[in-house]
Structures are given as structure tokens and as C-alpha cells.
Amino acid sequence: QANEAGIKLMFDFLNFAKKCKAVIACRVSPDQKRQVVTLVRKHTSPAPMTMSIGDGANDVPMILEAHVGVGISGNEGMQAVRSADYAIAQFAYLQPLMLVHGRDNYKRISVVVMYSLYKNCFLVTSLFYYGVYSGFTATALYDSLMLAGFNPGWSFVGIILFGIVEKDLSRGVALQNPELYREGIENRDFNMGVLARWALAGLLSTTFCFFIPTAIAVGKIASSTGQDDGLLPFGTNILQALVIAVNLRLLLETNNVTLWSLGSYAFGIVLFIFGSLLHSLWPLSSFFTKVPFEYYDVAMVLNKNGISWLIQLLVVVMVLIPDFIAKYVRRTYFPKAADILRELDNGYGGGTEGGRTEGKGGIHANEDGKALSAL
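Residues numbered from 1 in each chain as written. Predicted model: local features only at pLDDT ≥ 70, side-chain atom pairs only at ≥ 80, totals over all residues. Heavy atoms only, no water.

Caption draft 1: Representation of the confidence of the model for the protein. With 88% of its residues at a pLDDT of 70 or more, the protein shows a mean pLDDT of 87. Across the protein, the element-wise mean pLDDT spans from 41 in strand β5 (residues 372-374) up to 96 in helix α3 (residues 60-65). pLDDT under 50 marks residues 352-362. Its contacts with residues more than four places away, or in other chains, come to 28 contacts. (pLDDT = per-residue confidence, 0-100. Helix = DSSP H or I, 4+ residues; strand = E, 2+ residues; numbered from the N terminus. Contact = heavy atoms within 4.5 Å.)

Caption draft 2: Quick peek at the side chain of S276. Tracing the sequence through the fold places S276 in helix α13 (residues 259-279). Taking the relative accessible area as the measure of exposure, S276 reaches 1% and is therefore buried. Within polar-contact distance, the side chain of S276 engages the backbone oxygen of I273 at 2.8 Å. (Buried < 20%, exposed > 50% of the residue type's maximum accessible area, 1.4 Å probe, protein only. Polar contact = N/O pair within 3.5 Å; in protein donor to acceptor, adjacent residues only side chain to side chain.)

Caption draft 3: Looking closely at the sheet that holds strand β3 (residues 86-88). In space, the three strands of this open sheet follow the order β1-β2-β3, with parallel pairing throughout. Two strands bound the open sheet, and with one partner strand each, they are β1 (51-54) and β3. Neighbour-to-neighbour, the strand axes of the sheet open up by a mean angle of 20°, direction not taken into account. With three bridges connecting them, strand β2 (residues 68-72) and β3 associate as parallel partners. Looking across to β3, one finds that I72 is bridged to I88. (Pairing = 2+ DSSP bridges. Axes fitted to C-alpha atoms, helices over the stretch in contact; angles between N-to-C directions.)

Caption draft 4: Geometry of the pairing of β2. Of all five residues in β2, four are buried, a share of seventy percent or more. Following the backbone out of β1, through α3 and into the adjacent parallel β2, one traces a crossover that is right-handed. (Right-handed = clockwise from strand over helix to strand, strands pointing away.)

Caption draft 5: Layout of the environment of V70. Counting through the fold element by element, V70 comes out in strand β2. For the pair V70 and A84, spaced 14 residues apart in the sequence, the C-alpha separation amounts to 5.1 Å. In contact with V70, other than residues within four places in its own chain, are M51, S52, I53, G54, I63, A84, Y86, I88 and L97.

Caption draft 6: Structural detail: the packing of aromatic side chains. All told, the structure shown has nine aromatic pairs when counted by the stated rule. Plain terms: the ring middles of Y133 and F210 are 5.8 Å apart, the flat faces sit at 75° to each other, and that makes the pair edge-to-face. With Y133 in helix α5 (residues 94-133) and F210 in helix α11 (residues 192-217), this pair connects stretches of sequence that are 77 residues apart. You can call F210 buried: its relative accessible area is 0%. Among the aromatic residues, those joined into a ring-pair cluster are F128, Y129, Y133, F210 and F211. Over the aromatic face of Y118 sits the side chain of R249, whose NZ or CZ is 5.6 Å from the ring centroid. (Phe/Tyr/Trp six-rings, centres within 6.5 Å; stacked < 30°, edge-to-face > 60°. Lys NZ or Arg CZ within 6 Å of the ring centre and 35° of its normal.)

Caption draft 7: Fine view of the pairing of β1. Where burial is concerned, the two faces of β1 differ: the one with S52 and G54 is buried and the one with M51 and I53 is not. Note: β1 against β2, four bridges, orientation parallel. Bridging across to β2, S52 finds its partner in G69.

Caption draft 8: Focus on the nonpolar core. In terms of nonpolar packing, the biggest core is built from 45 residues, with F122, L242 and V319 touching the most fellow members. The leading source of residues in this core is helix α12 (residues 231-253), at twelve residues. Apart from the residues lying within four places of it in its own chain, the contact partners of V319 are Y118, F122, S205, F208 and A245. If you look at the next biggest cluster of nonpolar residues, it comprises six residues, including V173, A337, A338 and L341. (Core = buried A, V, L, I, M, F, W, Y, C linked by side-chain atoms within 4.5 Å.)

Caption draft 9: Expanded view of the pattern of salt bridges. Taken as a whole and assessed by the stated rule, the structure comprises 17 salt bridges. Note that E183 and K107 form a salt bridge whose closest N and O atoms lie 3.2 Å from each other. Here the residue E183 occupies a position in helix α10 (residues 182-185), and K107 occupies one in helix α5, the gap between them amounting to 76 residues. Among the salt bridges present, the one from R182 reaches E186, with a minimum N-O distance of 3.6 Å. (Salt bridge = Lys/Arg side-chain N within 4 Å of Asp/Glu carboxyl O.)

Caption draft 10: Expanded view of helix α15 (residues 306-333). Compared with an ideal rise of 1.5 Å per residue, which puts 28 residues at 40 Å, α15 spans 40 Å between its outermost C-alpha atoms and is within 8% of the ideal. Bending of α15 peaks at approximately 30° at the position of I321, with proline P322 no more than four residues after it. Of the positions making up α15, those classed as buried are S308, I311, Q312, V315, V316, V319, L320, D323 and K327. The inward-facing, buried residues of α15 contact α5, α11, α12 and α14 (298-303). Its side-chain oxygen placed 3.1 Å from the backbone nitrogen of I307, N305 serves as the N-cap of α15. (Expected span 1.5 Å × (residues − 1). Bend = angle between axes of the 7 residues up to and from the residue.)

Caption draft 11: Representation of the side chain of S155. Position of S155 relative to the elements: it lies in the loop between α7 (150-154) and α8 (157-165). On the accessibility criterion, S155 (2% relative accessible area) is buried. Polar side-chain contacts of S155 include one of 3.2 Å to the side chain of K119. If we skip the residues at most four places from it in the chain, S155 touches K119, F150, V246 and N247.

Caption draft 12: Region of interest: the packing of α8 against α13. Viewed as axis vectors pointing N to C, α8 and α13 meet at an angle of 155°, and their least axial separation amounts to 7 Å. Between α8 and α13, the angle falls in the class roughly antiparallel. In this structure, α8 uses V157, G158, L161 and F162 to contact α13, whose residues at the interface are W260, S261, S264, Y265 and F267. (Parallel < 35°, antiparallel > 145°, perpendicular 65-115°, else oblique.)

Shown next, in the form of C-alpha cells:
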């Protein structure tokens, strides 16, 4: 139990330590190590992200106290490794762990979380729009089975692969420019402002996706019998356009475009089209429907109508254009250091001769990208 004088001494130590680039504490006990981490973690503003690194049992308390614990497997046993979030074999591996894997994972997870909120906001808001448009008649815009397959099927594979393999810069450039790690420290890609932008994008996308087909098709397009195609083909048309737009939206966030990523984005679209055709067959058209065979022949009616495909094309273009323009304007007129480094890394503007670099030397930038040189 610390007395008043001890507490004052602790805060004097903290204030003095914050003015130093590094502080070396000698001959401290395991609990004192933990107290130093606690002091920095809970009494520093703005709130920092703390990390403790140790290789022995006496480092376990501070490893457990920090936000992130790193254990080094060595001659002092495996206690630190078993208590840590991450384990490395040598201290030299800490730099790539933080600057390469740590930064890449932060940026991936940020997009995965925001995109997941975006696509669900996109879907659910379309149901709300339909409820208002239909006067809250309690009718269903989408077929239950096709709606249930949205997250586990039509929009699942692309974002999972993105969260595994996406990287905006090569390993060499990330190691040569440790200033880029500040993006994660300052939480630039995962904050309320970014969340608000994704939510607004979802609302705008839903507006295009619902009201464009409604304005074109409802009461204006008739079949050869003189009747419209009905609610289920209309809803499937909207849902198919939504699935295409959601998967292609992820392509705008992808910096490392590969055949695997393109294939995963296309997979969700193809799976939806194939699934709707399969669901429209006579034996399967009663699955998850209140009326027997309610979905029978719906996909066939939809896909043989050329206007439906034109509507989907118009919706996808209108959904993606605002995001494309916003990304172009930001990268062209307000570039971040990572944007400039990415172009140089890919060989543009007199950057590396062979494209992506993995070695020493190469590209360096300051924090905001204004002072940048290719060495």
C-alpha cells in the first residue's frame, strides 16, 4: 500500500521518464516491472499502447500487465513465452514483428471490421427502405434463403482472404520506413471518424441500390403477359446488384491485387447466381419459403430479362463511383506517406527499378510524405 509520499515519487518518476527517449531501470523486482508498465499504461495521456518483452519467469508480471506481451524463447525457460501474446526466437525478430506483421495486421483488421459493418449496413438499410416504401406492409423483399446466405456465402470468402493476404507495402519498404508504424499508434485507420465514413458510404450505396431499380422497374416493366414479374424477382434483382457491389467494393480497398483476391471476390458473385438458379428449381424452390414452391423459376425469369442486367450494371456503377472518386482525390491531392511509397515501390515516379523491393536501401519517407526521396 503506497503512502502519499510514495505516490508523489511515482508520478515524479513518470513525468521525468516521459521527457526521456529511453529509461533503464536496474535491479528491479518482477512486481516493480509490472508497476512501471501500469504507471505508463494508466496515467499517460493520450492513452498509449504498451508492449512488454521478456525472456524469463521474472518478466511474466509485466508481460501480463501490458496490452501486448512478447516472449523470447531462450536459456531462461519458456515461462515468458507461455504467458505472452506473441513468441519470437531472437530479439532481432522484434523489428519485423512490429513494423511488418504488426502494421499489416492492423491495417487488415481495420478494413475487415469496417467493411463487415459496411456490408451489413448496406443490406439492412435496404430492408428499411423497402419497409418505408411499401407502407410497412410486412411483406418480404428478399427470399429467406437468399437473405440468410448473405454473410456466410455471398460476401464471406472475399473479406476472409483479404484479412489473410492483403498488404499495401513490401517487407523491405516497411522495414526501411519505421515512421509508417505511427499510423497504428495514432489509430488512424480505426476510429469513430473512419467508422462514420464507412456508415455513410453504406447508406449512400443502399440509396442507389434500392431506388434505382424501384424507379426503373416498378410499374413500368411488364412481361409478355402484360404483368410485372412480381416481388421476388424484383427483390432478387436488388439483392444480386447488392452482392456484386459489395464484393467489388472490396476490390477498391485492395492494394495487393492477385489472381487469388480477384477469384475470391468473383466467387461470391458466382455463388449467388448459381445458388439462386439452384433454388429456383422445382424440387428446391420450397426451402425456407412460407408458400410451397414460392421461389420456383424466379432466377430464370430474372436472368432472361436483359433490362435486369442493365439495372444491376447501373446500380453497381453508381455505388462504386463515389468511393472511387473519393479514393482518387485523396491519393492524388492529399496523399499519405504510404501512398507515395506504394507508387515508388511499384516502380512509378523513378522508384525502384525492379518494382517491389525486399532488400536494403531503397525508399524512405517522413511521416506525412512531404519529404520523400529514393536512395
